[in-house]
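Architecture and fold: a report
One-letter residues, chain by chain:
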Amino acid sequence: MTVSPGGALLVVGDVVTDIVARHRGPLAAGTDTAASVRRLPGGAGANVACWAAHGGCGDVRLLGRVGADASDWHERELTACGVRPLLVVDAAAPTGTVICLVDTGAEAERTFLTDSGASLRIGPDDWSDALLDGVGRLHLSGYLLFSEPGRALVSAALASARARGVPVSLDPASAGFLAELGVGRFLGLVEGVDVLLPSRDEACLLTGLSDAADAAAKLSRHVPLVVAKLGADGALVARSGAVSARVAAVAASPRDSTGAGDAFTGAFLAALLTGAAPEEAAAAGCRAGARAVERVGGRPPRTAGRRPVDG
């Protein structure tokens, strides 16, 4: 696959408020469990956009839907990360909220309780072909596929991108929601996507195979380029039914794995837009994922002295 470098990155996806509760050991049912609790900006789509900007993409735009309760805060947080927010304010629904329960043990594993709120209501009426002006790549969050309006938006965005020759990537987002949607339905909805970025669990779920390499290879018969994110085992790049590269992970001391996959995706897309080969872009993704797990929350550190984006 040949990718022409340049152009903006447009991300379409969720913007939510994360409540991150870091606890040690199992939760004590029916009583208190001591935890460190923080309110942070999140959402898979928003996180990807922020990590892409952090990875050097000079023009990152984000289309998302939020409630009036937190729209100003989210706009400020995105702008501070170098992202141009294109936020639709929903008058009827609050901003989505995710409770992230993070075990502070060695693996920093997390469990999500998700109230998608306004992000579940983003739809084709929020889309315009003009959003692709100056765009070199469109990235869609898989969370869009878990509501009827979101699926209609994906269809409209893919049609617009196809008409303009804009390549499209997608991250399946959630193995749990994916299982509810159904594998066949998912593969039909992503027809026309040129890059798929599943996690290990998502790749295996989508293929019914237990081995990540076999799963990535099989998926690459449906999507031209598959990059499977394997966490501490790095990443796999697959094309035309075969794994073409295995990319090593970068050593890290995990504190919170929230957003690690988003960090990988953002850095991968930023590298791809500068003309990097997929294998090089996957290595950039692994580096970003390692940095992400050493931080609390799903966003990158802000660059000192970063100026707000215009627009």
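Cut-offs used in this document
Residues numbered from 1 in each chain as written. Predicted model: local features only at pLDDT ≥ 70, side-chain atom pairs only at ≥ 80, totals over all residues. Heavy atoms only, no water. Phe/Tyr/Trp six-rings, centres within 6.5 Å; stacked < 30°, edge-to-face > 60°. Buried < 20%, exposed > 50% of the residue type's maximum accessible area, 1.4 Å probe, protein only. Pairing = 2+ DSSP bridges. Helix = DSSP H or I, 4+ residues; strand = E, 2+ residues; numbered from the N terminus. Axes fitted to C-alpha atoms, helices over the stretch in contact; angles between N-to-C directions. Contact = heavy atoms within 4.5 Å. Parallel < 35°, antiparallel > 145°, perpendicular 65-115°, else oblique. Left-handed = near helix turned anticlockwise from the far one by under 90°. Nonpolar A, V, L, I, M, F, W, Y, C, P; charged D, E, K, R; others polar.

Counted according to the given criterion, the structure contains 4 aromatic pairs. Note on tyrosine 143 and phenylalanine 146: the rings are 6.0 Å apart at their centroids and 85° apart in plane angle, and the pair reads as edge-to-face. Given a relative accessible area of 24%, tyrosine 143 falls into the partly exposed group. By the ring-pair criterion, three or more aromatic residues cluster together here, those being Tyr143, Phe146 and Phe177.

The next point concerns the sheet that holds strand β13 (residues 242-247). If you walk across this open sheet you meet the 9 strands as β5-β4-β1-β8-β9-β10-β11-β12-β13, and the pairing is mixed. Single-partner strands in this sheet number two, and they are β5 (83-90) and β13. With 5 bridges connecting them, strand β12 (residues 235-239) and β13 associate as antiparallel partners. Counted as the bridge partner of valine 237 is alanine 245 from β13.

Our focus in this paragraph is the sheet that holds strand β2 (residues 16-23). For sheets, the rule is that strands pair by backbone hydrogen bonds, running either parallel or antiparallel. Strand order in the open sheet made by the 4 strands is β3-β2-β6-β7, with mixed pairing throughout. Taken across any chain shown, the strands that pair with only one partner, and hence form the sheet edges, are β3 (35-42) and β7 (110-115). Direction aside, neighbouring strands of the sheet carry axes that sit 20° apart on average. Examined bridge by bridge, β2 and β3 share 8 bridges and lie antiparallel to one another. Bridge pairing links arginine 22 to serine 36 in β3. Docked against the sheet, helix α2 (residues 71-80) engages β2 and β3, running at close to 80° with respect to β3.

This paragraph deals with the packing of helix α6 (residues 200-207) against helix α7 (residues 212-219). One way to put it is that α6 packs onto α7 with a least axis distance of 9 Å and a crossing angle of 60°. What the angle tells us is that α6 and α7 run oblique. Between α6 and α7 the crossing geometry is left-handed. Where α6 approaches α7, its residues Arg200, Ala203, Cys204, Leu206 and Thr207 are matched on the opposing element by Ala212, Ala215, Lys218 and Leu219. In the contact of α6 with α7, the residues fall into 6 nonpolar, 1 polar and 2 charged.

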